[in-house]
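# Structural overview for review
Each chain is listed here by its residues.
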Amino acid sequence: MAAEKFKMSQERYDKLKEELHYMETVRQKEVAEQLKEARSFGDLSENSEYDEAKIEQGKLYSKIEEIKNLLENAEIVEGTVVQKGVVGLGSRVVVRDLEDKSETEFQLVGSQEANPMEGRLSEESPIGRGLLGHKKNETITIEAPGGVVKFKILSVESD
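Below is a short write-up of the structure. All residue numbers refer to position in the chain's written sequence, counted from 1. Local features in a predicted model are, by the rule used here, given only for residues with pLDDT of at least 70; side-chain atom pairs are given and counted only at 80 or more, and totals for whole chains, interfaces and linings are based on all residues. To obtain the side-chain values, all non-hydrogen atoms of the structure were included, while hydrogens and water were left out.

## Brief notes about the overall build of the protein chain
- To qualify as a helix, a DSSP run of H or I must reach at least 4 residues; to qualify as a strand, a run of E must reach at least 2; elements of each kind are numbered from the N terminus. Helix and strand counts for the protein chain stand at three helices and seven strands.
- For this measure, only C-alpha atoms enter the radius of gyration; the expected value for a globule follows 2.2 Å times N^0.38, where N is the number of residues. A compact globule built from 159 residues would reach a C-alpha radius of gyration of about 15 Å, whereas the protein chain, at 22 Å, exceeds it by more than 25%.
- Expressed as lengths along the three principal axes of its C-alpha atoms, the size of the protein chain is roughly 70 × 30 × 30 Å.
- Out of the 159 residues belonging to the protein chain, those deemed buried represent 33%.
- A contact between two residues is defined here by any heavy atoms of the two lying within 4.5 Å. Partitioning the intrachain contacts of the protein chain with sequence separation of at least 6 by distance along the chain shows that 52% fall at a separation of at least 24.
- Working definition of accessibility: Shrake-Rupley area with a 1.4 Å probe, residue cover restricted to the visible protein chains. Within the structure as shown, the protein chain displays about 10200 Å² of accessible surface, and the carbon and sulfur contribution to it stands at 48%.
- Charge convention: Lys and Arg are scored as positive, Asp and Glu as negative, and His as well as the terminal groups of each chain are ignored. Charge positions come from single atoms, namely NZ of Lys, CZ of Arg, CG of Asp or CD of Glu. Positive and negative side-chain charges of the protein chain, numbering 23 and 33 respectively, have mean locations separated by a distance of 6 Å. For every residue, the accessible area (1.4 Å probe, protein chains only) is compared with the maximum for its type, and the residue is labelled buried under 20%, exposed over 50%, or partly exposed between those bounds.

Dropping the structure here:
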């Protein structure tokens, strides 16, 4: 069975590599020092500092493995815009909600970079999927978890 691919920009990939390097060097040494110090307190059966350090070590190793998996299965998606003016991964899109007339700007990104609070939507989200392949001045209807929304696409910019 093929491993799941994680779509991300080169920028996100590079940040994950930096984070992994930090965890495997600096952070691992810090946790090892915590363990060493906690062991020096004596009886490990009643040593809460040792227990906490072991838990921290487990979290660190788990996070390292998670990042390694993301990097090994990363699919860099820069420049995947089908054509100029068409919404694709990396596009910045300004839409008008046809119900309340509000305007919102989104950037379509891979699932690993999504942050709705910053307007970065995954292309796998309902709104992201609904926008893909559409152009400026098109009106689209999207089934979202909060109900049906209608947008008019006001602009599409691709990096």
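## Here we look at helix 1 (residues 10-39)
- One less than the residue count of a helix, multiplied by 1.5 Å, gives the span that helix is expected to have. The end-to-end C-alpha distance of helix 1 is 42 Å, a good match for the 44 Å that 30 residues give at a rise of 1.5 Å each.
- A residue's bend is given by the angle between axes fitted to the 7 residues ending at it and the 7 residues starting at it. Considering bend angle alone, the principal kink of helix 1 is centred on M23 and spans about 40°.
- Taken residue by residue, helix 1 has L16, L20, M23, R27, V31, L35 and A38 as its buried positions.
- Looking at the buried positions of helix 1, the neighbouring elements they touch are strand 1 (6-8) and helix 2 (48-72).

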